[in-house]
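# Structure at a glance
Single-letter residue listing:
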Amino acid sequence: MSNMLLEAKELHTYYGASHILHGIDFNIRQGEGIALMGRNGMGKSTLIKSMLGIVRPKHGRILVRGDDFTKAPTYRTAQRGIAYVPEGRGIFPNLSVRENLQMSARCGIDGQRNWTFDRVMETFPRLGERINNGGWQLSGGEQQMLTIGRALMTNPDLLILDEATEGLAPLIAMEIWRIVKEIRKTGIATVIVDKNHGAVTSICDRAMILVKGEVVFSGSSDEVRANPELIQKHLGV
Amino acid sequence: MNKSLDIIHDEHRALAAMLGGMNALVAGIEAGRLKPDFDLLADMIRYIDEVPEVVHHPKEDQYLFAKLRLRSADALPYIEQLEVEHVQGEARIALLRSALEAYRKAGEAGFAGFKMALATFLEQEWRHMNTEENHIFPLARKHLTDEDWAEIDAAFLANGNPWEGPAGEYAALFSKIVNTAPAPVGLGN
């Protein structure tokens, strides 16, 4: 039995007349971690949104656990054990921290309930201190933790983090990366979209770099870290 | 390959985040946005004291610098400078700690002294890390052999995850600081 969780084959995505993704192939298996990197506007988030059905690719195929999901609605992808932490977080501001978490609680695709409310509280003790606060009352870092906690409450096999530390102070970003590292150790496959190559390649085993909607590098994170020229050329500012 | 450089780089990121956080807190105090939290500042100083002294500098000195010294004459002046700075580290952090204690005792009147001590410390730390990242790392990549790297990487990896501390104490200290430091520097109130 294949342990492939999510695949994209020859994806072409457009925003109006703008051709954003140019025939991208992508795949992730159970337990893997992939760092998806590139400068702003290179197509990282569009690739994620295309695979999740938030944006419709014009050409290409998307497979979830081997089944064709090219035209599937996003909620069906989520039901197959794929959790998404979007850029901008997307918490429910009028719900409390507790409600934000409880509304997403469900068992995983194999019935697993590894991530309970209590475990999320243990992982993010700060959320415990804010449990009755409304989402709108949280700081950016707290909102990010809530979004990750909410995704974990779905007991996913694959967690996709899109710019999880964007706009956060370095101390908070480091703490989030530390927690993501701990989550990775539990065996959840992870796709991390981020510009901080140092952080994401230390968490993920594989790395992919996009430039203008095309894959210019796909290999191990070790290869990226050992190649400062590659980093400078495609990720340097 | 070069796992050891990855580990050093990761530790630099953690230290840089902590130093940047201290700088931001002091700027907030100076601007009147924040009240000084002396225990928090003491915890931050403890972090930037213990993590480098206990887990970071010894690895650099004993393994990376020791091998590079044998392979590259160009690296020698940098290594000698960095080793001196490692030795001086304890004295530099002691100055910062005593400046904080003076600030705690004197109140507002002690702020300028602490601010100056921190600025001096930060400048020294940035320069130190930049020397390692911009001079030592490239020379190490260029001159160390595969056998050297195998030996250095093995020694670094034998430490497990040193950044977290032998019993996770540094990770716990880091989390405590992040949870206490006021937003937007940390998650505290």
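For the structure given in this document, a descriptive report is provided here. Bear in mind the structure is a predicted one, so any value in this text is a computation, not a measurement. (Residues numbered from 1 in each chain as written. Chains lettered and ligands numbered in written order. Predicted model: local features only at pLDDT ≥ 70, side-chain atom pairs only at ≥ 80, totals over all residues.)

With respect to the helices and strands, Glu32(A) occurs in the loop between strand E2 (18-29) and strand E3 (33-37). Note: C-alpha distance between Glu32(A) and Arg184(A) (152 residues apart in sequence) is 8.6 Å. (Helix = DSSP H or I, 4+ residues; strand = E, 2+ residues; numbered from the N terminus.)

To continue, consider helix H1 (residues 3-30) of chain B. For H1(B), which comprises 28 residues, the first-to-last C-alpha distance of 41 Å matches the rise-based estimate of 40 Å (1.5 Å per residue) to within 8%. Phi for Gly32(B), located one or two positions after H1(B), is positive at around 80 degrees. (Expected span 1.5 Å × (residues − 1).)

The next point concerns the interface of chain A and chain B. Taken together, the 16 residues of chain A in the interface contact 23 residues of chain B. Listed by contribution, the elements that provide at least two residues to the side of chain A that touches chain B are helix H6 (140-152), helix H7 (170-185), helix H8 (197-203) and helix H9 (221-225) of chain A. When the residues that make up the side of chain A that touches chain B are grouped by side-chain class, the tally is six nonpolar, four polar and six charged. (Contact = placed C-beta atoms within 7 Å. Nonpolar A, V, L, I, M, F, W, Y, C, P; charged D, E, K, R; others polar.)

As a further point, take the nonpolar core. Ranked by internal contacts, the top residues of the largest apolar core, which has 93 residues, are Leu159(A), Ile160(A), Leu171(A), Met18(B) and Met44(B). In terms of residues, this core owes the most to one element, H7(A), which gives eight residues. In this structure, Leu5(B), Ala75(B), Leu144(B) and Ile152(B) belong to the second largest nonpolar core, which totals 14 residues. (Core = buried A, V, L, I, M, F, W, Y, C linked by C-beta atoms within 7 Å. Buried ≥ 20, exposed ≤ 12 C-beta atoms within 10 Å, placed from the backbone.)

This paragraph deals with the pairing of strand E9 (residues 206-211) of chain A. All names here are of chain A. Across the six residues of E9, five count as buried, placing the element largely inside the fold. The pairing of E3 with E9 spans four bridges and is classified as parallel. Residue pairing for E9: Leu 36 is matched across the bridge by Met 208. Relative to strand E10 (residues 214-220), E9 runs antiparallel, the two being bridged by six bridges. In the strand pairing of E10, Ala 207 is matched with Gly 219. From the end of E9 to the start of E10, which pair antiparallel, there are two residues, and Lys 212 there has a positive phi angle of about 45 degrees. (Pairing = 2+ DSSP bridges.)

Once that is clear, we can look at the packing of H1(B) against helix H5 (residues 146-157) of chain B. Each packed pair of helices is defined by two parameters, the angle between the axes and the distance between the axes. Residues and elements named next belong to chain B. Between H1 and H5, the least distance of the axes is 8 Å, while the angle of their chain directions is 45 degrees. With respect to their mutual orientation, H1 and H5 come out oblique. Facing H1, whose interface residues are Lys 3, Ser 4 and Ile 7, H5 presents Ile 152, Asp 153, Phe 156 and Leu 157. The residue makeup of the contact of H1 with H5, split by class, is four nonpolar, one polar and two charged. (Axes fitted to C-alpha atoms, helices over the stretch in contact; angles between N-to-C directions. Parallel < 35°, antiparallel > 145°, perpendicular 65-115°, else oblique.)

For the rest of this paragraph, the subject is the pairing of strand E1 (residues 4-15) of chain A. Residues and elements named next belong to chain A. With nine bridges joining them, E1 and E2 adopt antiparallel strand pairing. Each bridged residue has a counterpart across the sheet, and for Leu 6 the counterpart in E2 is Ile 28. Hairpin geometry of E1 and E2 is characterised by an intervening segment of two residues between the two adjacent antiparallel strands and by a positive phi of about 65 degrees at Gly 16. For E1 and strand E4 (residues 59-64), the ladder comprises five bridges, and the chain directions are antiparallel. Bridge pairing in E4 links Leu 6 to Val 64.

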